[in-house]
Amino acid sequence: MKTAFYFGADAVYLGGKEYGLRAKSGNFSNEEIIEVVRYSHELGKKIYVTVNIFAKNDDIGKIEKFAEFLENACVDAVIISDLGVLKIFKTLTNLEIHISTQANVCNVKAAAQYVELGAKRIILARELFIEDIGEICKCLEGRADIEIFVHGAMCISYSGRCLMSKYLTGRDANRGDCAHPCRYKYALQEEMRPGEYFPIEEDSNGTYIMNSRDLCLINKLNELAGAGIASFKIEGRMKNEYYVGGVVNTYKRVMNGESFDYMAELEKLPHRLFTEGFTFNDKNKEFEKSSAIVLNYQIVAVVMENNHIRIKNKIIKGDEIEILSPSSSNGKTFVFNGDTVTVPEQIVFIDCPYKLEPFDILSKKIHR
């Protein structure tokens, strides 16, 4: 959260210990939610809390208590996909309601209906063309904001509504516990050859099994803003500081009109091959193609106070280190002349010729 704000995010969406769609991440305790709201408001930033599971009957009472807690904590909005949960928050709180992409809003009637039910922002389904988005923005102009995802991992299933994880592992994706079986490695078995498996090979174009590429709409921000989008959203949950800081920093600089090789910056970060998804591609030929994670650089440390750094990966004397920062030090490199450090989370002093600020990130190129 602090990294996202430091590199330019205006708001951060996050989950509590329950009721969000990232059950396997660390998430935030109630005490931590109170603290992050205080921290964000001191910066003039906002916190949106996900309560976007599809609730069952035995969730209702607990969600009612959580709703009252979130209002008392003064979060800026809640992100909801279930109509029953929406009713709880509308009845028990005065919190701003955002409709999750999980609700797969795809048309003007659905968007308008959510506004009538009290929504102040609609996070549209990823499956929409730019023309559809523009129509919905025009329909809701002055009544609600429209937000879309512009970067990050995508689910192969329609708006993330997938039963595959539940079927294969017993872990329910629609309650935040997805095991990501679409990312597994699969083999083929011919009917008359039981027990004989044929690997699914990947060629230069990738494979055509369930893995989707990563969404990247950085080349289309002006067109999206022109269509009426009020907020660009980056999928960054369960990612490390390097990914969050790098993506936010790159998009913020592009939005501020800076001229630089922004695709080269994004290529440094862990990602799958990029696609513009559905929004500008009516054939979506690249959407289904599987690709392994591309790792070109890795985080080695996060900067703390007074040139002390917290080690994240091994750093060796002689390593060329690159600085990721929203300041003028961004992109500068220097040679690490200290002793090799291999223990993660160890705090060491670093001698650097450039000014380092807390939350700056140090990385190095991966040599193969």
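Refer to the preceding data block for the structure.
Now for a look at the structure at hand. Since the model is a prediction, treat every value here as computed from it, not as a measurement. (Residues numbered from 1 in each chain as written. Predicted model: local features only at pLDDT ≥ 70, side-chain atom pairs only at ≥ 80, totals over all residues. Heavy atoms only, no water.)

1. What to know about the overall build of the chain
Summing up its helical and strand segments, the chain has 10 helices and 17 strands in all. Considering the chain as a whole, with its 368 residues, one finds that 48% of them fall into the buried category. Excluding contacts between residues fewer than 6 apart, the proportion of contacts in the chain whose partners are at least 24 apart in sequence is 67%. Total accessible area on the chain stands at roughly 18500 Å², and carbon and sulfur atoms take up 50% of it. (Helix = DSSP H or I, 4+ residues; strand = E, 2+ residues; numbered from the N terminus. Buried < 20%, exposed > 50% of the residue type's maximum accessible area, 1.4 Å probe, protein only. Contact = heavy atoms within 4.5 Å. Areas by Shrake-Rupley, 256 points an atom, 1.4 Å probe, with all protein chains shown as cover.)

2. Digging into the nonpolar core
Across soluble globular proteins, nonpolar side chains have a tendency to be buried as a group. Counting residues in hydrophobic clusters, the biggest one holds 81 residues, and the most contacted among them are Val-51, Leu-70 and Phe-89. In terms of residues, this core owes the most to one element, helix H9 (residues 241–255), which gives seven residues. Excluding its chain neighbours within four sequence positions, the residues that come into contact with Phe-89 are Val-51, Ile-63, Ala-67, Leu-70, Val-78, Ile-80, Leu-95 and Ile-97. Formed by 16 residues, the second largest nonpolar core is a distinct cluster that contains Ile-309, Phe-334, Ile-350 and Leu-362. (Core = buried A, V, L, I, M, F, W, Y, C linked by side-chain atoms within 4.5 Å.)

3. As for the pairing of strand E2 (residues 46–50)
Extensive coverage of E2 is indicated by the burial of four of its five residues. As defined by bridge partners, strand E1 (residues 11–15) adjoins E2 across five bridges and the pair is classed as parallel. Residue pairing for E2: Val-12 is matched across the bridge by Ile-47. Bridge count between E2 and strand E3 (residues 77–80): three bridges; the pairing is parallel. Bridge assignment links Val-49 to a residue of E3, and that residue is Val-78. (Pairing = 2+ DSSP bridges.)

4. Looking at unusual backbone geometry
Despite not being glycine, Asn-307 has its phi angle at roughly 60°, a positive value. Of note, Glu-345 is a non-glycine position whose phi angle comes to about 75°, a positive value. Looking at where Glu-345 falls in the secondary structure, it is placed in the loop between strand E15 (333–335) and strand E16 (347–349). For Glu-345, a relative accessible area of 40% corresponds to the partly exposed category.

5. Some words on empty space enclosed by the protein
Scanning all chains against the criterion turns up two cavities of 30 Å³ or more. There is about 80 Å³ of room inside the largest cavity. Residue lining of the largest cavity: Tyr-242, Gly-246, Thr-250, Glu-265, Lys-268, Leu-269, Glu-322, Ile-323, Leu-324, Asn-330 and Ser-363, and that is the complete set. Those elements that place two or more of their residues in the lining of the largest cavity are H9, helix H10 (262–268) and strand E14 (320–324). Here the second largest cavity is characterised by a volume of approximately 70 Å³. Residue lining of the second largest cavity: Leu-124, Ala-125, Arg-126, Leu-128, Ile-133, Ile-148, Phe-149, Leu-215, Leu-217 and Thr-279, and that is the complete set. Across the lining of the second largest cavity, the residue classes break down as eight nonpolar, one polar and one charged. (1 Å grid on protein atoms, 1.4 Å probe; cavity = no way out; pocket = protein on both sides within 12 Å on 5 of 7 lines; lining within 4 Å. Points joined across faces, edges and corners; volume = space filled by probe spheres on them. Nonpolar A, V, L, I, M, F, W, Y, C, P; charged D, E, K, R; others polar.)

6. Regarding the pattern of salt bridges
What the rule picks out here adds up to 16 salt bridges. In this structure, Asp-319 and Lys-364 form a salt bridge, with 2.9 Å as the shortest nitrogen-oxygen distance. Placement of Asp-319 in the loop between strand E13 (308–311) and E14 and of Lys-364 in strand E17 (residues 361–365) is noted, with a sequence separation of 45 residues between them. Accessibility assignment for this pair places Asp-319 and Lys-364 in one class, buried. Via salt bridges that share partners, Arg-121, Asp-145, Glu-147 and Lys-233 belong to a single interconnected network. (Salt bridge = Lys/Arg side-chain N within 4 Å of Asp/Glu carboxyl O.)

7. A few points about the layout of surface pockets
Over the atoms rolls a probe the size of a water molecule, and its path tells where empty space is left. Estimated volume of the largest pocket: approximately 1300 Å³. Together, 49 residues line the largest pocket, and Met-1, Ala-4, Ala-11, Val-12 and Val-244 are the ones closest to its centre. In terms of residues, the lining of the largest pocket owes the most to one element, H9, which gives six residues. Split by residue class, the lining of the largest pocket holds 26 nonpolar, nine polar and 14 charged.

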